[in-house]
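Secondary and tertiary structure notes
Listed here are the chains, written in short residue letters.
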Amino acid sequence: MNLPGLYIHIPFCKTKCPYCHFYSTTDISSVDVFIVSIIREMALYADAFDTFDTVYIGGGTPSLLTIHQLDSIISGVHKHFDVPPNAEITIEVNPADGDLAWYRSLKSLGVNRLHLGVQSFSDQALTFLGRRHRSDDAFAALDNTVHAGFDNFGLDLIYGVPGQNLQSWRESLASAVSLSPPHLSAYQLAIEEDTPLCHSYRCGSFDIPDEDASLAFFLETSAYLERSGYHHYEVSNYAASPSQRSRHNQKYWDHTPYLGLGPGAHSFKEGRRWWNHRSIEGYLKDLAEGTAPVAGDETLTRDDLRLETLFMSLRTAAGIDVAAFCLQFGENLPEIHPSIIQSLVDGGLIVFKDGRISPTTRGLAVADQLALIF
Ligand code: SF4
């Protein structure tokens, strides 16, 4: 049985990026009371969760916090839960924040993995995305990461930004690869409902790549990074070696339990999923009254779990373990769906080998549709 993972959501940002749908506020007046509250929230779950072998501090912008504030949060984790010495402890960093001393202090807190929100090495794309850093900041952040002694770190990149073509995207990939990050995540720019970007898109202010162009970006990203020595192990994720994959994200993909703390965070355990208030006010109010700040929950049925297992497995290059799936859901997929599997193999979307149904790169591009076929 895999150990659970802990996610901590820091709901503060200096400015809001117009494409972002994550919960955060630019009002940082409640940071100190938030820190007291999240430690209170840890105490509420100390009986339900013993040990975490991954801790992921995301947001929002965790790098807005001082080392003292981050120390309080990490000390709270160690006070309420067991975290073994080999645990993966990740923090998201905005390249606009922190100097070398700050990065070194992060390391002294026990953080051993950084996730840098670079998004692009093109200043034009960064301006469109409303990011508060520029490409020079990204290079400086990578420099600080290495000089502080982090050997496990990853970069986030976004493609499909208006004005970008395959050639300029390749240049961003080349810049990223030149810095030898052990991990890379590449996401297509998504137009999320109720974001400023969505409003301007609906007003016709810009175009986004159509389906063919999106596929071309996806395939080019995969081919470029595979040629550069990275393994495309999940739809949006690439690692230089198996040990440098995100151990924390793996828990979301294989139904390992996880606890999410902070406004809007989701948790999962024993088939139940629950989520916190997506507002700092509601979150702080419940914790001030000594109750868990839970806004809602659902218990997944067997059919829900089956579909999620298909969805999440087919988003990874490892794919579905046919025997394990059969044991859990009583369905031997190759026996029940031989013609579907054959047509997907013939179409170059999956490979059926060594007891696994695994998506090809083209299959990863349409992973969510693949799951619905079974
Ligand atoms: S910094 Fe990150 S979390 Fe904050 S608004 Fe931008 S994308 Fe969203």
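Just so you know, these numbers come straight off a predicted model, no measurement behind them.

Helix and strand content of the protein: 16 helices and 15 strands. For a compact globule of 374 residues, the expected C-alpha radius of gyration is about 21 Å, and the protein comes in at 21 Å, within 12% of that figure. Of the contacts made within the protein by residues no fewer than 6 positions apart, 69% connect residues no fewer than 24 positions apart.

Attention shifts here to the site of the ligand. Near the ligand the following residues occur: Cys13, Lys16, Cys17, Cys20, Phe22, Ser24, Gly59, Gly60, Thr61, Asn94 and Gly117. Counted by class, the shell around the ligand contains four nonpolar, six polar and one charged residues.

Before going further, it helps to spend a moment on the domain arrangement of the protein. Domain boundaries assigned for the protein yield domain 1 (5-253) and domain 2 (302-373). Look at where the C-alpha atoms of domain 1 and domain 2 centre, and you get two points 29 Å apart. Facing the nine residues of domain 1 at the interface are eight residues of domain 2. Among the elements of the structure, helix H8 (211-227) and strand S7 (231-234) are those that each provide at least two residues to the side of domain 1 that touches domain 2. If you tally residues by element for the side of domain 1 that touches domain 2, the top one is H8, at four residues. Tallied by class, residues from the side of domain 1 that touches domain 2 come to six nonpolar, two polar and one charged.

Residues Ile8, Val55, Leu116, Leu157 and Leu184 are the most contacted members of the largest nonpolar core, which totals 68 residues. Examining the composition of this core, we find that five residues originate from one element, strand S5 (residues 153-159), more than from any other. Residues in contact with Leu184, not counting those within four places in the same chain, are Gly154, Leu155, Leu157, Ala176, Leu225, Tyr230 and Tyr238. Val235, Phe325, Ala367 and Leu370 belong to the second largest nonpolar core, which has 13 residues in total.

Turning next to helix H10 (residues 280-288). Every buried residue of H10 is accounted for by Ile280, Tyr283, Leu284, Asp286 and Leu287. The buried side chains of H10 occupy one side of the element, clustering within an arc of 165° when seen end-on. Contacts made by the buried residues of H10 are with helix H1 (31-44) and strand S11 (272-276). Immediately beyond the C-terminal end of H10, within one or two residues, lies Gly290, with a positive phi of roughly 80°.

All right, on to the sheet that holds strand S13 (residues 320-321) then. The three strands lie next to each other as S13-S15-S14, forming an open sheet whose pairing is antiparallel. With partners counted over all chains shown, the strands left at the sheet margins are S13 and strand S14 (350-353), one partner each. Sheet topology note: the S13/strand S15 (residues 356-359) ladder contains two bridges and is antiparallel. Bridge pairing in S15 links Ile320 to Ile357. The strands touched by helix H14 (residues 338-346) are S14 and S15; relative to S14, the strand with the most contacts, the crossing angle is about 120°.

Another point: unusual backbone geometry. The step from Gly59 to Gly60 runs through a cis peptide bond, and the omega angle for that step is 20°. If you trace the backbone, Gly60 turns up in the loop between strand S2 (54-59) and helix H2 (67-80). In this structure, Asp354 takes a positive phi of about 50° despite not being glycine. Secondary-structure assignment places Asp354 in the loop between S14 and S15. Note on Asp354: 8 C-beta atoms within 10 Å, which makes it exposed.

Quick notes on the rules
Residues numbered from 1 in each chain as written. Predicted model: local features only at pLDDT ≥ 70, side-chain atom pairs only at ≥ 80, totals over all residues. Helix = DSSP H or I, 4+ residues; strand = E, 2+ residues; numbered from the N terminus. Rg over C-alpha atoms; globule rule 2.2 N^0.38 Å. Contact = placed C-beta atoms within 7 Å. Near = placed C-beta within 6 Å. Nonpolar A, V, L, I, M, F, W, Y, C, P; charged D, E, K, R; others polar. Domains from an automatic or database assignment. Core = buried A, V, L, I, M, F, W, Y, C linked by C-beta atoms within 7 Å. Buried ≥ 20, exposed ≤ 12 C-beta atoms within 10 Å, placed from the backbone. Arc of directions from axis to C-beta. Pairing = 2+ DSSP bridges. Axes fitted to C-alpha atoms, helices over the stretch in contact; angles between N-to-C directions.

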